[in-house]
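Results of the structural survey
Each chain, letter by letter, is given below.
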Amino acid sequence: MSRIKGQGPTTYIAARTGANRGQVSRFVKQHGLAEVAAARPGPCPLSVPVSGKINGRSWREHLDFNESAELMRHLGTAATIILLYLTGMRPQEVQGLRSGCCPDPEPAADGAEARHLIRSHHYKNVTDDDGNHISAGEVRKVPWVAITPVVHAIRVLERMVPEGELLLGAAHHGFRCGNSNAGALKSDTLTLRIESFVNWVNREAKAQSLSGQTIPDDPHGAIGLSRFRRSLAWHVARRPGGLIALAIQYGHMRTLLDARTSSGYGARRRHGIHAVLDVETALAAADTAARLRDSVAAGEKVSGPAARRALTAAAHVPRFEGRIVPRTFARKAAAFLAPDGIVLYDNPDAFLICAFKHDNALCEPEPGATAPWQYDCRPGCGNTVRTDTHARQLRERADKLDQLAAHAPGPVSKRLRANASRLRETADTHDNTAHPAEART
Ligand code: SF4
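1. Quick word on empty space enclosed by the protein
- All told, the structure shown has two cavities of 30 Å³ or more when counted by the stated rule.
- For the largest cavity, the calculated volume is near 100 Å³.
- Every residue lining the largest cavity is counted, 14 residues in all, and those nearest its centre are Cys354, Cys363, Cys377, Arg378 and Cys381.
- Here the lining of the largest cavity takes three residues from strand 9 (residues 352-355), the largest share from any one element.
- For the lining of the largest cavity, the per-class residue count stands at nine nonpolar, four polar and one charged.

2. Some words on the site of the ligand
- Surveying the vicinity of the ligand reveals the residues Cys354, Ala361, Leu362, Cys363, Pro372, Gln374, Cys377, Arg378, Cys381, Asn383 and Thr384.
- Classifying every residue of the shell around the ligand gives seven nonpolar, three polar and one charged.

3. Here's the deal with the layout of surface pockets
- The volume enclosed by the largest pocket comes to roughly 1800 Å³.
- Surrounding the largest pocket, 46 residues form its lining, Ala78, Ile81, Ile82, Phe197 and Val201 being those nearest its centre.
- Those elements that place two or more of their residues in the lining of the largest pocket are strand 1 (53-54), helix 4 (65-87), helix 6 (148-158), helix 7 (187-207), helix 8 (227-238) and helix 9 (244-258).
- In terms of residues, the lining of the largest pocket owes the most to one element, helix 4, which gives eleven residues.
- When grouped by side-chain class, the residues that make up the lining of the largest pocket number 31 nonpolar, nine polar and six charged.

4. Brief notes about the pairing of strand 8 (residues 344-347)
- As defined by bridge partners, strand 8 adjoins strand 9 across four bridges and the pair is classed as antiparallel. Within the sheet, the bridge partner assigned to Asn347 lies in strand 9 and is Leu352.
- The antiparallel hairpin formed by strand 8 and strand 9 contains four residues in its connecting segment, where Phe351 sits at a positive phi of about 55 degrees.

5. Here we look at the nonpolar core
- Ranked by internal contacts, the top residues of the largest apolar core, which has 37 residues, are Leu83, Ile118, Val150 and Ile154.
- At the level of secondary structure, the elements contributing two or more residues to this core comprise helix 4, strand 6 (144-146), helix 6, helix 7 and helix 8.
- Leaving out residues up to four positions away in the same chain, Leu83 has contacts with Gly88, Val94, Leu97, Val150, Ala153, Ile154 and Leu157.
- One finds Ala282, Ala313, Phe336 and Tyr345 within the second-largest nonpolar core, a separate group that totals 33 residues.

6. Digging into the packing of aromatic side chains
- The full count for this structure, using the stated rule, is five aromatic pairs.
- When the ring of Tyr12 is compared with that of Phe65, the centres are 5.6 Å apart and the planes differ by 35 degrees; the resulting orientation is tilted. Of the two residues, Tyr12 sits in helix 1 (residues 7-17) while Phe65 sits in helix 4, which places them 53 residues apart along the sequence. Across the pair, Phe65 and Tyr12 agree in class, each one buried.
- A connected cluster of aromatic rings, assembled from ring pairs, spans Trp59, Phe197 and Trp200.

7. Thoughts on the packing of helix 4 against helix 6
- Direction vectors running N to C along helix 4 and helix 6 enclose 145 degrees, while the axes themselves pass 9 Å from each other. Crossing geometry of helix 4 relative to helix 6 is assigned as left-handed. Touching Leu75, Gly76, Ala79, Ile82, Leu83, Leu86 and Thr87 of helix 4 are Pro149, Val150, Ala153, Ile154, Val156 and Leu157, all from helix 6.

8. With respect to helix 2 (residues 21-30)
- Regarding helix 2, its N-cap is Asn20, as a side-chain oxygen of that residue lies 3.1 Å from the backbone nitrogen of Gly22 further along.
- After helix 2 finishes, the residue Gly32 shows a positive phi value of roughly 60 degrees.

9. Here's the deal with the environment of Gly382
- By secondary structure assignment, the location of Gly382 is in the loop between strand 9 and strand 10 (384-387).
- A relative accessible area of 24% means that Gly382 is categorised as partly exposed.

10. Thoughts on helix 4
- For helix 4, built from 23 residues, the straight-helix expectation of 33 Å at 1.5 Å per residue is met to within 8% by its first-to-last C-alpha distance of 33 Å.
- Just beyond helix 4, the residue with positive phi is Gly88, at close to 80 degrees.

11. A word on unusual backbone geometry
- A positive phi angle, close to 55 degrees, is found at Phe351, a residue other than glycine.
- Turning to its location among the elements, Phe351 is positioned in the loop between strand 8 and strand 9.
- For Phe351, a relative accessible area of 13% corresponds to the buried category.
- In this structure, Glu364 takes a positive phi of about 55 degrees despite not being glycine.
- Inspection of the secondary structure puts Glu364 in the loop between strand 9 and strand 10.

12. Quick notes on the confidence of the model for the chain
- On average, residues of the chain score 81 in pLDDT, and 80% of them are at 70 or above.
- Averaged pLDDT values over the elements of the chain bottom out at 54 in helix 9 and peak at 96 in strand 10.
- Low confidence marks residues 1-6, where pLDDT is under 50. Its contacts with residues over four positions away, or in another chain, come to 23 contacts.
- Note on residues 259-270: pLDDT is under 50 here. Beyond four places in sequence and across chains, it has 32 contacts.

13. As for the environment of Ala437
- Note on placement: Ala437 falls in helix 15 (residues 437-440).
- Among the residues examined, Ala437 registers a relative accessible area of 13% and is labelled buried.
- A C-alpha to C-alpha distance of 6.6 Å links Ala437 and Val302, two positions 135 residues apart in sequence.
- Not counting residues up to four positions away in its chain, the partners in contact with Ala437 are Val296 and Leu311.

Parameters and conventions
Residues numbered from 1 in each chain as written. Predicted model: local features only at pLDDT ≥ 70, side-chain atom pairs only at ≥ 80, totals over all residues. Heavy atoms only, no water. 1 Å grid on protein atoms, 1.4 Å probe; cavity = no way out; pocket = protein on both sides within 12 Å on 5 of 7 lines; lining within 4 Å. Points joined across faces, edges and corners; volume = space filled by probe spheres on them. Helix = DSSP H or I, 4+ residues; strand = E, 2+ residues; numbered from the N terminus. Nonpolar A, V, L, I, M, F, W, Y, C, P; charged D, E, K, R; others polar. Near = heavy atom within 4 Å. Pairing = 2+ DSSP bridges. Core = buried A, V, L, I, M, F, W, Y, C linked by side-chain atoms within 4.5 Å. Buried < 20%, exposed > 50% of the residue type's maximum accessible area, 1.4 Å probe, protein only. Contact = heavy atoms within 4.5 Å. Phe/Tyr/Trp six-rings, centres within 6.5 Å; stacked < 30°, edge-to-face > 60°. Axes fitted to C-alpha atoms, helices over the stretch in contact; angles between N-to-C directions. Left-handed = near helix turned anticlockwise from the far one by under 90°. Polar contact = N/O pair within 3.5 Å; in protein donor to acceptor, adjacent residues only side chain to side chain. Expected span 1.5 Å × (residues − 1). pLDDT = per-residue confidence, 0-100.

Set out below in C-alpha cells:
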C-alpha cells in the first residue's frame, strides 16, 4: 500500500476498490493506516501497459499513480516543445491551437501523399477596418503544414483536452493540482514547465545510467518560448546533417518552406518564419564565404567544377561580425539569397561547399527553391567546391569508418570499407585537380 497521505492515494484506493473517497478516508482513519503506510511505504501501480523502452528495456516496471500527474505535465510540455520547434509558429499561435485543428487529410486525387494541415488563429498585425489591433486574432487564411512529429504531438494533446478545446487549455493541464483558469497556459507558466521538464530529463537520464544524454545548462538562461522558432531556422540553415531524424525533419521543413511559389506557403510572401530563415541562411552563407576566403588566404588549394564561381562569390560577400540582427536585415538577407549561383552553402556531411545554382543541382530541389537539398547531396554535381581542409576531413572520416569496420559483422564491415575507400578516392581527386586560388581567378 502507498504512503496514505493527502488526496492522491485515497483516490487511487477508491478507484481500485470501488469504494468512494469518503469511505476510504474513514477506513484509513479507523484503522490507523496512515502510520502503517508511513512506516512501510510502497508504490501505487497503475494497470497501464508500459510500452516505452530505453536501450531495449522497459523504462519503468510499472507506471505509478503518484507519478502520473507529473508525467502528464511533462508529456504536455514535450508536445508543446515539438509544436514550437517543428512548425516555426509563434508561441501565441501554438497557444491558440484547438483540438481538431489538424484533421487527417483526404487522400489526394492523383495518389500523391496528402499533407496534414493545421488551421489556427494568428495574431500579429491583425487589425479591423479602422486599423485597431484585434486581440482575438483571426483564422489564418493559409494553413500551416505539419510534419509527422507535429501531428503526433497534436494527437497526444488532443487526448488530454475535450474536443474543440484549446490544446494547451489551462483548465485541462493542471492535472492533480487543478486549474480553473480559462484560456491557454500562459507563456510564463510554459517557460517554467520547460525548465521543470529539462530538470526531469536530467534526473531521468542519470537514473537510467544515460548521463551522456543530459541537457546541459544554457548559458543564455531559461529557454524562452520564442527561442524555438529561431533555433528551427538556425538548424534548417546550418545543419544539413546532424542526427539523422532531425536532418530529415529539417529537410522536410526546408522543402515546405522553400516551396513558397508552388504551395500555400507562397501566399505568405517573405514574412514570418521565411524572414527568420532568410536571415539565418544569409548569415550561414556569409560565414561559409568567410571561411573559404580564410582557407585560400592560408594557402589552401581549391577543387571542383564550381571553384571559380565560389571564389568570386566569396570575394564579394560581406563578413557579418557579431550577432545583433536589426529588423531591416531580413530584407537585405532576402535580396542576398535571390541571385542564383553566388550563395555558398556549407555541407559538412558531404565534405564540400555547395555554390548553389538551381540548374546544376543533382539533388533536385523544388522548382523555385533558393537552397539545395543538402541532405540528398549527390556526387558529381556541378555545384561542388572542396578545399584541402575537406580532403583532410574526408581521409579522417575514412579512417574512422575503417576502425568501425574492424569491429562490425561481415556485410556491414564490407559496406563501411567500401564507403571509406570512396571517401579516399574523393580526397585523391581533390589532390589531383586542386589549384591555388590565384590560378582560378
Ligand atoms: S547535389 Fe549539388 S546542389 Fe545539391 S547539395 Fe550537393 S552540391 Fe549542392
